Amino acid sequence: MITRGKIHHADKLPGFITVQDEKPVGLTTYDIVGGQCEIVSMNSLVEGAGIGSALIDAVKNIAREAGCKRLWLITSNDNTAALRFWQKRGFSLVAVHCNAIEQTRKIKPEIPLIGNDGIPLRDEIELEMFL
Ligand SMILES: CC(C)(COP(=O)(O)OP(=O)(O)OC[C@H]1O[C@@H](n2cnc3c(N)ncnc32)[C@H](O)[C@@H]1OP(=O)(O)O)[C@@H](O)C(=O)NCCC(=O)NCCS
């Protein structure tokens, strides 16, 4: 994962897994730096069952315990479902980093030009929540 130009090796980050019938159905990873906690990845394999919301709560708790004041994340401009998901769960849009994904493509050329719903994949959108 690359966010704000930083390369994250998601398999090296701390995170939470949701398990259902002994199978993993959700995963989130996070990165705590300088009193702020970034949610680096969030994936649910069984959508609409509260898994994503539970994973947010788990990261919120750990971030608070670590003394973080801010929880933040990056999503891409095409991920309208995620924008809805995060905003309905208390996150605010704080910045649009225009054309940031064009820069990221120089490091990770496999990022497609077109994203969800045929939307050109171009900008990083930053969302935050104060804890
Ligand atoms: C975004 C994502 C993580 C959401 O995960 P999820 O497990 O579906 O999240 P939740 O179930 O907590 O919430 C989703 C919806 O289900 C509803 N919901 C929550 N609990 C529920 C329950 N027990 N039963 C039915 N519906 C429920 C919520 O109301 C929500 O709907 P809303 O958006 O209209 O409010 C998931 O869609 C996903 O993995 N997307 C692909 C990867 C991605 O884009 N990740 C984010 C990157 S920034």
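Preceding this paragraph is the structure being described.
Since we're looking at a predicted model, the values are computed, not measured. (Residues numbered from 1 in each chain as written. Predicted model: local features only at pLDDT ≥ 70, side-chain atom pairs only at ≥ 80, totals over all residues. Heavy atoms only, no water.)

S.K.: Sorry if this is basic, but what is going on with the environment of Asp21 here?
M.R.: In this structure, Asp21 sits in the loop between strand 3 (15–20) and strand 4 (23–33). Residue Asp21 is classed as exposed on the basis of its relative accessible area, which comes to 72%. With 96 residues separating them along the chain, Asp21 and Asp117 place their C-alpha atoms 32 Å apart. (Helix = DSSP H or I, 4+ residues; strand = E, 2+ residues; numbered from the N terminus. Buried < 20%, exposed > 50% of the residue type's maximum accessible area, 1.4 Å probe, protein only.)

S.K.: What's the story with the site of the ligand in this structure? I'm lost.
M.R.: The environment of the ligand is formed by 19 residues, the closest being Glu47, Gly48, Gly50, Ser53 and Arg84. Glu47 is positioned with one of its side-chain polar atoms (N or O) 2.5 Å from an oxygen atom of the ligand. Between the ligand and the protein, one listed contact pairs an oxygen atom with a backbone N or O atom of Ala49 at 3.2 Å. When atoms are counted within 2 Å of each cavity's grid points, the one that captures over half of the ligand is the largest pocket. Residue assignment for the shell around the ligand shows that the elements contributing at least two residues are strand 5 (36–44), helix 1 (51–65), strand 6 (70–76) and helix 2 (80–88). By residue number, the principal contributor to the shell around the ligand is helix 2, which donates four residues. Residue classes in the shell around the ligand are distributed as seven nonpolar, eight polar and four charged. (Near = heavy atom within 4 Å. Polar contact = N/O pair within 3.5 Å; in protein donor to acceptor, adjacent residues only side chain to side chain. 1 Å grid on protein atoms, 1.4 Å probe; cavity = no way out; pocket = protein on both sides within 12 Å on 5 of 7 lines; lining within 4 Å. Sits in = over half its atoms within 2 Å of the grid points. Nonpolar A, V, L, I, M, F, W, Y, C, P; charged D, E, K, R; others polar.)

S.K.: Which parts of the structure should I look at to understand the sheet that holds strand 4?
M.R.: Picture the strands of a sheet paired through backbone hydrogen bonds; they go either parallel or antiparallel. If you trace the six strands from one edge of the open sheet to the other, you get 3-4-5-6-8-7, paired in mixed fashion. Edge positions in the open sheet fall to strand 3 and strand 7 (92–97), since each of these has one partner strand only. Neighbour to neighbour, the strand axes of the sheet diverge by 25 degrees on average, direction disregarded. Bridge count for strand 6 against strand 8 (residues 124–130) is seven bridges, and the pairing is antiparallel. (Pairing = 2+ DSSP bridges. Axes fitted to C-alpha atoms, helices over the stretch in contact; angles between N-to-C directions.)

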